[in-house]
Amino acid sequence: MARGPRRTETRIVHAGRDPKVDNGGVNPPVQRASTVLLDKAEDMFRPGVWTYGIHGTATHRALKAALCELEQADHCHLLSSGLLACTVPIMALASPGKHILVCDNVYGPTRRFCDQTMKQWGCETEYFPPDIGADIAAMIRPETCVVFLESPGSMTFEVSDTPAIAAAARVAGVATVFDNTWGAGHFHKPLDLGVDVSVQATSKYPGGSADLLGGSIVTRDEELSARVKQVITNLGLSVSPDDAYLVLRGLRTMTTRMARHDGSARKIAAWLAGRPEVARVLHPALPDDAYHDLWKRDFSGAAGLFAFSLAPPADTKDVNAFLNALELFGLGFSWGGYESLAIPCDPQLKRTSTKPEFGGKLIRLSIGLEAPEDLIADLEAGFEALAASLAGA
Ligand SMILES: *Cc1c(COP(=O)(O)O)cnc(C)c1O
């Protein structure tokens, strides 16, 4: 019987490992190396020969193979943080006098890099509303060098019409880079939608345990890959083999974890939507979310990260009372780990293209692997503290 194309869940278990060459061990070993010994003097300057640890070891090559498999990419580059995975492709594409288009709901540190570092290097960044769609064409200039997307935005969860934006950029000959941390290469496949470069913070779902930092860049475009590689090589960027190993280890269970994160987050989001204290829930998998149709078209699942707003008159002190009453939700940045987290969003919301309204103060939740019923009980305690704070207690 013919074996059909395999699903992500299957491919990610088998990709990037070969027990036959690893002495039977299921997992590839952690290979540490700076110096690489060569057989012959003739090999030392031969192109394509592995000559130094900074270019990666067998552990890095195994992780790259698995990440290529995840998004059906041909080239993968590893970075020591998700932020570098976002900024390196921009550096690879930009030069003085160029113009950069970035979605206005982008991850804050990516925005800061564009506004400060790229500005210092003579590039102007312009922000477009996340729901711009094909109208992006009108913002593309002759000197535009990259369109940077993140969908859904990791604070406000707008889903972009990525195929329309990618098509408009392609017609204009402009490369697209997509921050795919929320979809993690599993629930969302931007390369299949016409995007040139997909990046993610492997610190989040691939790592899955809040104990490592990493980023990945994948593409099917050989020339773009070569440009990215040049920046990485020239700057001397590298990832420790131990961290590469942990990301690969995490990937094996990522699809299982994400299915659970998704199921719990949808339960909790639906429960929050029915609470009188909540003005709005920002979760694209909820049927009445403004971005639900786009999400349904382009995603196969939802991450455990979403936000909700507290109905006025709840202000910062009331948000803090709610957050301080939580026991299971940790107050911490980042997300994608097995433990649940909560943060107030408003201090991080920076918009220049439009001023969207979210109905009140925003709180973001990262739903972990705990029982959703226990997380709901924890949030209920938060609402009691909120009521006390609103009553002036
Ligand atoms: C966390 C995050 C990053 C950066 O990842 P780090 O490894 O923390 O540098 C980039 N993009 C998004 C959407 C993120 O949430």
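Above this text is the structure in question.
Residues numbered from 1 in each chain as written. Predicted model: local features only at pLDDT ≥ 70, side-chain atom pairs only at ≥ 80, totals over all residues. Heavy atoms only, no water.

Asks: Which parts of the structure should I look at to understand the nonpolar core?
Replies: Soluble globular proteins tend to pack their nonpolar side chains together in the buried interior. Ranked by size, the top nonpolar core spans 46 residues in total, and within it Val88, Ile100, Phe128, Ile136, Val147 and Ile217 carry the most contacts. It is helix H3 (residues 82-93) that contributes the most residues to this core, seven residues altogether. Excluding its chain neighbours within four sequence positions, the residues that come into contact with phenylalanine 128 are Leu101, Val102, Cys103, Asp104, Ile136, Met139, Val147, Phe148, Leu149, Ile165 and Ser353. The next biggest cluster of nonpolar side chains, apart from the first, holds 42 residues, and it includes Ala15, Leu67, Val247 and Met254. (Core = buried A, V, L, I, M, F, W, Y, C linked by side-chain atoms within 4.5 Å. Buried < 20%, exposed > 50% of the residue type's maximum accessible area, 1.4 Å probe, protein only. Helix = DSSP H or I, 4+ residues; strand = E, 2+ residues; numbered from the N terminus. Contact = heavy atoms within 4.5 Å.)

Asks: Which parts of the structure should I look at to understand the packing of aromatic side chains?
Replies: How two aromatic rings sit relative to each other is given by the distance of their centres and the angle of their planes. All chains considered together, the criterion is met by five aromatic pairs. Between tyrosine 205 and tryptophan 335, the aromatic rings sit 5.6 Å apart at their centres with planes inclined by 75°, giving edge-to-face as the arrangement. With tyrosine 205 in the loop between strand S6 (197-201) and strand S7 (215-219) and tryptophan 335 in the loop between strand S10 (330-331) and strand S11 (341-344), the pair connects residues that are 130 residues apart, well separated along the chain. Between phenylalanine 322 and phenylalanine 383, the ring centres sit 5.1 Å apart and the planes meet at 55°, which makes this aromatic pair tilted. Taken together, the residues span a long stretch of sequence, with phenylalanine 322 in helix H9 (residues 316-324) and phenylalanine 383 in helix H10 (residues 372-390) at a distance of 61 residues. Assessed through its relative accessible area of 0%, phenylalanine 322 is described here as buried. In this structure phenylalanine 383 comes out as buried when scored by relative accessible area, which is 2%. Of the aromatic side chains, those joined through ring pairs into one cluster are Trp271, Phe308, Phe322 and Phe383. Looking at arginine 61, its charged tip hangs above the ring of tryptophan 50, at a distance of 4.7 Å from the centre. One residue, arginine 111, lies across the ring of tyrosine 127, its end atom 3.9 Å from the ring centre. (Phe/Tyr/Trp six-rings, centres within 6.5 Å; stacked < 30°, edge-to-face > 60°. Lys NZ or Arg CZ within 6 Å of the ring centre and 35° of its normal.)

Asks: What's the story with the pairing of strand S2 (residues 99-103) in this structure? I'm lost.
Replies: The two faces of a sheet get side chains in turn, since along a regular strand they alternate between them. The element S2 is largely enclosed, with a buried count of five among its five residues. Going residue by residue along S2, you find His99, Leu101 and Cys103 tucked away on one face and Ile100 and Val102 tucked away on the opposite face as well. Pairing between S2 and strand S3 (residues 124-128): five bridges, direction parallel. Within S3, the residue paired with leucine 101 across the bridge is glutamate 126. Chirality of the crossover, the property in question, places the unit of S2, helix H4 (residues 108-120) and S3 among those that are right-handed. Both S2 and strand S4 (residues 144-150) contribute to a ladder of four bridges, which runs parallel. Within S4, the position partnered with histidine 99 by the bridge is threonine 144. (Pairing = 2+ DSSP bridges. Right-handed = clockwise from strand over helix to strand, strands pointing away.)

Asks: How should I be thinking about the site of the ligand in this particular structure?
Replies: Surveying the vicinity of the ligand reveals 14 residues, the closest of which are Gly82, Leu83, Asp179, Ser203 and Lys204. Here glycine 82 contributes a backbone N or O atom positioned 2.7 Å from an oxygen atom of the ligand. Between the ligand and lysine 204, the relevant distance is 2.7 Å, taken from an oxygen atom to a side-chain nitrogen or oxygen of the residue. Out of a free accessible area of 380 Å², the ligand has 91% covered by protein chains. (Near = heavy atom within 4 Å. Polar contact = N/O pair within 3.5 Å; in protein donor to acceptor, adjacent residues only side chain to side chain. Areas by Shrake-Rupley, 256 points an atom, 1.4 Å probe, with all protein chains shown as cover.)

Asks: Mind showing me how you'd approach the sheet that holds strand S5 (residues 175-179) here?
Replies: An order of S1-S7-S6-S5-S4-S2-S3 is seen for the seven strands of this open sheet, with the pairing classed as mixed. Because the sheet does not close on itself, it has two edges, and the strands there are strand S1 (75-79) and S3. When the angles between neighbouring strand axes are averaged without regard to direction, this sheet yields 20°. When S5 meets S6, the two strands line up parallel, connected through three bridges. Bridged to valine 177 within S6 is valine 197. Packing against the sheet, H3 makes contact with S1, S2, S4, S5, S6 and S7, and its axis sits at approximately 150° to S6. (Axes fitted to C-alpha atoms, helices over the stretch in contact; angles between N-to-C directions.)

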